[in-house]
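Fold and contact review
Read off the chains here:
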Amino acid sequence: MLRFSCFILLLCASAISSATDRLKVGITLHPYYSYVANIVKDRADIVPLVDAGFNPHSYELQPADLTRLMTMDALVLNGIGHDEFAVKAVESMRPQLAGRKNPLTIIYANQDVPLLAAANSQQAWSPHTFVSINSAIRQIYTIAEKLGDLDNANAAFFKQNAVIYARKLRKLKHQYSKALLNTDLKGVKIASTHNAYGYFLQEFGIGIDTVIEPAHGVEPSASQLQGTIDRIKAANINIMFTELNMGNRYVTTIEKATGIKLYHFSHMTHGQYDAEMVFREMQLNLETLVKALSNPSAVVATSDTTAGAKE
């Protein structure tokens, strides 16, 4: 009986040790929750640094957020402008984090992503890499590799899941790319409220002709708005992309003044944390892109009739 009791105690201790050894992976943005969830499955715990429903551009960390930070083994950061609240928190908590038995590992998701300059600025990069499928895949591989370094026992598992997830996203892109094969994208001219969609659009060989906001989240002044309206009319720009679930008062003004066709892309930074958010919202953005480019008025006539989407 005593031996049986000791055996049960050993099993319980082993289970507690196993649960304690699980990685606690912190994330700052919704897309990173999806990436990590698809990589680790049930072999690590995901800890959002802040509760769902926040605005990453204006968020100020609360005491509960700092408490969560202290429980993490790793923190996945955008690191180029979209989660400055987290960067500041890591800096402010550096003495406490350094005093832990295991140091906090910072995973810079964008370390292998070719970056685009932020619109209307020469001093910053556009941080919206997660809106692009190609850039998302690069980030997924980076995160899987870094988590494997922290958990060697599950490194192969993480890598395999990253490959499976990447294939799923590539297949989705290929499905919608076929719908654009006969569209002359050379004649497409686009305005955007901000440059968040530059990474996404460049996958199809499309650039953004006019970015309306002088900086992300900053409304244009009256003179800037009039200048934008004049540029749209002069260049015969027929499509404008703006952010889903985000109201911009000036968008209606531009729409009425120019007759431009308005379409909404998901920014993937709203709602509840969800493992399937990236796939679902990527699909929505691809559907929106195909719809916008399939509109006959979307393409400006050019002398070059070469068709085909660039990958």
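Whatever comes next refers back to the structure up there.
The structure contained in this document is the topic of the report that follows. Keep in mind it's a predicted model, so treat the numbers as computed, not measured. (Residues numbered from 1 in each chain as written. Predicted model: local features only at pLDDT ≥ 70, side-chain atom pairs only at ≥ 80, totals over all residues. Heavy atoms only, no water.)

**What to know about the overall build of the chain**
- A count of helices and strands for the chain gives eleven helices and eight strands.
- Looking at the chain as a whole, 46% of its 311 residues are labelled buried.
- Partitioning the contacts of the chain with sequence separation of at least 6, the portion at a separation of at least 24 is 71%.
- Summing over all exposed atoms, the chain offers an accessible surface of approximately 15,400 Å²; the carbon and sulfur share of this is 53%. (Helix = DSSP H or I, 4+ residues; strand = E, 2+ residues; numbered from the N terminus. Buried < 20%, exposed > 50% of the residue type's maximum accessible area, 1.4 Å probe, protein only. Contact = heavy atoms within 4.5 Å. Areas by Shrake-Rupley, 256 points an atom, 1.4 Å probe, with all protein chains shown as cover.)

**Notes on the packing of helix α9 (residues 222-235) against helix α10 (residues 249-258)**
- Where α9 meets α10, the axes come as close as 10 Å, and the angle between the chain directions of the two elements is 40°. The handedness of the crossing between α9 and α10 comes out as right-handed. Taken together, the residues of α10 that come into contact with α9 (itself represented by Leu-225, Thr-228, Ile-229, Ile-232 and Lys-233) are Tyr-250, Thr-253, Ile-254, Ala-257 and Thr-258.
- Taken together, the residues that form the contact of α9 with α10 break down as six nonpolar, three polar and one charged. (Axes fitted to C-alpha atoms, helices over the stretch in contact; angles between N-to-C directions. Left-handed = near helix turned anticlockwise from the far one by under 90°. Nonpolar A, V, L, I, M, F, W, Y, C, P; charged D, E, K, R; others polar.)

**Side note on the nonpolar core**
- One finds Leu-69, Leu-147 and Phe-241 to be the most contacted residues of the largest nonpolar core, which totals 72 residues.
- Apart from residues no more than four positions distant in its own chain, Leu-69 is found in contact with Leu-49, Leu-75, Ala-89, Val-90, Met-93, Leu-97, Arg-100 and Leu-104.
- Core analysis: the second largest hydrophobic core is formed by eleven residues, Ile-229, Ile-232, Val-251 and Ile-260 among them. (Core = buried A, V, L, I, M, F, W, Y, C linked by side-chain atoms within 4.5 Å.)

**Structural notes on unusual backbone geometry**
- At Lys-41, a position not held by glycine, the phi torsion is positive, near 55°.
- Here Lys-41 lies in the loop between α2 (30-40) and β2 (44-48).
- Overall, Lys-41 belongs to the partly exposed group, its relative accessible area being 46%.
- In this model, Asn-236 sits at a positive phi of 55°, which is unusual for a non-glycine residue.
- Along the chain, the position of Asn-236 falls in the loop between α9 and β7 (239-243).
- Residue classification places Asn-236 among the partly exposed residues on the basis of a relative accessible area of 39%.

**Side note on the side chain of Ser-126**
- When you line up the elements, Ser-126 lands in the loop between β4 (105-108) and α6 (133-150).
- Look at Ser-126 and you get buried, because its relative accessible area is 3%.
- A polar atom in the side chain of Ser-126 sits 3.4 Å from the side chain of His-128.
- Once you skip the residues sitting within four places of it in the chain, Ser-126 turns out to touch Ile-80, Leu-116, Ala-117, Ala-118, Asn-195 and Tyr-199. (Polar contact = N/O pair within 3.5 Å; in protein donor to acceptor, adjacent residues only side chain to side chain.)

**Quick notes on the environment of Tyr-176**
- By the element assignment, Tyr-176 lies in helix α7 (residues 155-177).
- Beyond its immediate sequence surroundings of up to four residues, Tyr-176 is in contact with Gln-283, Leu-286, Glu-287 and Val-290.

**So, the pattern of salt bridges**
- All chains considered together, the criterion is met by ten salt bridges.
- With a shortest N-O distance of 3.5 Å, Lys-24 and Asp-45 are connected by a salt bridge. Of the two residues, Lys-24 sits in strand β1 (residues 23-27) while Asp-45 sits in strand β2, which places them 21 residues apart along the sequence.
- Here the salt bridges do not stand alone but share partners, grouping Arg-22, Lys-24 and Asp-45 into one network. (Salt bridge = Lys/Arg side-chain N within 4 Å of Asp/Glu carboxyl O.)

**Things to note about the packing of aromatic side chains**
- With the rule as written, the count across this model stands at eight aromatic pairs.
- Here the aromatic residues Tyr-197, Phe-200, Phe-204, Phe-241, Tyr-263 and Phe-265 are joined through ring pairs into a cluster of three or more.
- Just above the ring of Phe-279 sits the side chain of Lys-168; from NZ or CZ to the centre is 4.5 Å. (Phe/Tyr/Trp six-rings, centres within 6.5 Å; stacked < 30°, edge-to-face > 60°. Lys NZ or Arg CZ within 6 Å of the ring centre and 35° of its normal.)

In short, shape yes, function no, at least from these values alone.
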